Amino acid sequence: MIIAIDGPAASGKGTLGKRLAEHYGFAHLDTGLLYRAVARVLMDRNVPLADRDAAAEVAQNLDVSHLEDDSRLRGAAMGEAASVVSAYQPVRDALLAFQRGFGAGQPGAVLDGRDIGTVVCPDADVKLFITAAPEERARRRHLELLRRGEQAEYETILDDIRRRDERDMNRSTAPLKAATDAVTLDTTHLDADAAFQAALKIVEGKHS
Ligand SMILES: Nc1ncnc2c1ncn2[C@@H]1O[C@H](COP(=O)(O)OP(=O)(O)O)[C@@H](O)[C@H]1O
Ligand SMILES: Nc1ccn([C@@H]2O[C@H](COP(=O)(O)OP(=O)(O)O)[C@@H](O)[C@H]2O)c(=O)n1
């Protein structure tokens, strides 16, 4: 079984994906980490993010084995940079096969990102589109960054989130949007436990 989770920045996709995967004993892939990792390699090499050919070359040769271990990937700068390189079609093309093959040989997989229900797994068994008001998402990300020890201003994070959503929704390739057969879950007034319970109902409802 494949569960696809999409939605804007800091809506709780990863948190939910992890919990659903634990609940069902499925593999989980936070696909944002792939784009963050491409951005990180470019930044480490001092290559401008605007260099599309270099970004494509990095994506084609990306080492996907240590994504979860690297806390720098989760920083605010990398999220912004990921959103720039993720708009390049050759970068997306290079990362597609890995995402589509993810979870093969497992009882199931949960993938979260921006285009899982629309492009990566259009035949997913369940598609969730997780949203929350930008102010609530900024509040969550602010807390998260402070906990990680990153300097962060709420207003700056809110601006960053709005700009990134705008870019992700309006790019020509695989824009952020709900698949026509996705169920939208607004978590503005749901804590992580309540969001998980609501998602579980949707998943079970699709399979009962
Ligand atoms: N429903 C929720 N209510 C409050 N905080 C949440 C909720 N879901 C996730 N969080 C917290 O918000 C932050 C962003 O969540 P995350 O799962 O990383 O979002 P995304 O993967 O969509 O960027 C994390 O610190 C997470 O613990
Ligand atoms: N499937 C995906 C996942 C992420 N991305 C891009 O990667 C960026 C970082 O994604 P992320 O999921 O790690 O970001 P957060 O929602 O955690 O802030 C996004 O802003 C998108 O531009 C994408 O284009 N497609």
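How each quantity is defined
- Residue numbering note: each chain is counted from 1, following its sequence as written.
- The order in which chains are written sets their letters, starting at A; the order in which ligands are written sets their numbers, starting at 1.
- Reporting in this predicted model follows two pLDDT cut-offs: at least 70 for local features of residues, and 80 or more for side-chain atom pairs to be given and counted; totals over whole chains, interfaces and linings ignore these cut-offs and use all residues.
- Calculation of side-chain values draws on the structure's entire complement of heavy atoms; hydrogens and water are dropped beforehand.
- UniProt positions are given in the numbering used here, feature names are shortened, and annotations may be inferred rather than shown by experiment.
- Strands here mean DSSP runs of E at least two residues long; helices mean DSSP runs of H or I at least four residues long; both are numbered from the N terminus.
- Points on a 1 Å grid, built from protein atoms alone, make a cavity when a 1.4 Å probe fits but cannot get out and make a pocket when they are open with protein on both sides within 12 Å along at least 5 of 7 lines; residues with an atom within 4 Å of a point are the lining residues.
- Burial classification: accessible surface area is computed with a 1.4 Å probe over protein chains only, and a residue below 20% of its type maximum counts as buried, one above 50% as exposed, and the rest as partly exposed.
- In this analysis, two residues are considered to be in contact whenever any of their non-hydrogen atoms come within 4.5 Å of each other.
- By nonpolar core we mean a set of buried residues, namely Ala, Val, Leu, Ile, Met, Phe, Trp, Tyr and Cys, connected to one another through side-chain atoms within 4.5 Å.
- The pLDDT value expresses, per residue, how confident the predictor is, ranging between 0 and 100.
- Grid points are joined across faces, edges and corners, and a volume is the space filled by probe spheres set on the points.
- Classes in brief: Ala, Val, Leu, Ile, Met, Phe, Trp, Tyr, Cys and Pro nonpolar; Asp, Glu, Lys and Arg charged; the others, Gly included, polar.

1. A short note on the UniProt feature "domain: Cytidylate kinase" (unreviewed entry) in the protein chain
Point 1. Mapped onto this structure's residue numbering, the UniProt feature "domain: Cytidylate kinase" (unreviewed entry) falls at residues 3–202.
Point 2. Secondary structure content for residues 3–202 is 52% helix and 12% strand, while the C-alpha to C-alpha distance between its ends is 11 Å.

2. Points about the UniProt feature "binding site: ATP" (unreviewed entry) in the protein chain
Point 1. Using the residue numbers shown here, the UniProt feature "binding site: ATP" (unreviewed entry) corresponds to Gly7, Pro8, Ala9, Ala10, Ser11, Gly12, Lys13, Gly14 and Thr15. As for the largest pocket, its lining draws on Ala9, Ala10, Ser11, Gly12, Lys13, Gly14 and Thr15 from among the annotated residues.
Point 2. Within the secondary structure, alanine 9 sits in the loop between strand E1 (2–6) and helix H1 (13–24).
Point 3. Exposure remark for alanine 9: the relative accessible area of 1% places this residue in the buried category.
Point 4. Ignoring anything within four residues of it in the chain, the contact list for alanine 9 reads Arg114, Arg137, Ile161, Arg164 and Asp165.
Point 5. Take glycine 12: it is sitting in the loop between E1 and H1.

3. Notes on the nonpolar core
Point 1. Val38, Leu42, Leu62, Val85, Val91 and Leu95 are the most contacted members of the largest nonpolar core, which totals 22 residues.
Point 2. Secondary-structure elements contributing two or more residues to this core are helix H2 (32–44), helix H3 (52–60), helix H4 (76–85) and helix H5 (89–101).
Point 3. The dominant element in this core, judged by the number of residues it contributes, is H2, at 8 residues.
Point 4. Excluding anything up to four places from it in sequence, valine 38 contacts Ala55, Val58, Ala59, Leu62, Val85 and Leu95.
Point 5. If you look at the next biggest cluster of nonpolar residues, it comprises 16 residues, including Val126, Leu185, Ala199 and Val203.

4. Let's talk about the confidence of the model for the protein chain
Point 1. Summarising the model, the protein chain shows a mean pLDDT of 95, and 99% of its residues fall at 70 or more.
Point 2. Interface confidence in the predicted complex, given as ipTM, is 0.98; pTM for the same model is 0.97.

5. Section: empty space enclosed by the protein
Point 1. What the rule picks out here adds up to 1 cavity of 30 Å³ or more.
Point 2. Taken as a whole, the largest cavity spans an internal volume of roughly 120 Å³.
Point 3. What lines the largest cavity is Arg36, Arg74, Gly75, Ala76, Gly79, Glu80, Arg141, Leu145, Ile157, Asp160, Ile161 and Arg164.
Point 4. Secondary structure elements with two or more residues in the lining of the largest cavity: H4, helix H7 (134–147) and helix H8 (154–170).
Point 5. Residue contributions to the lining of the largest cavity peak at 4 residues, all from H8.
Point 6. Here the lining of the largest cavity is built from residues that sort into 4 nonpolar, 2 polar and 6 charged.

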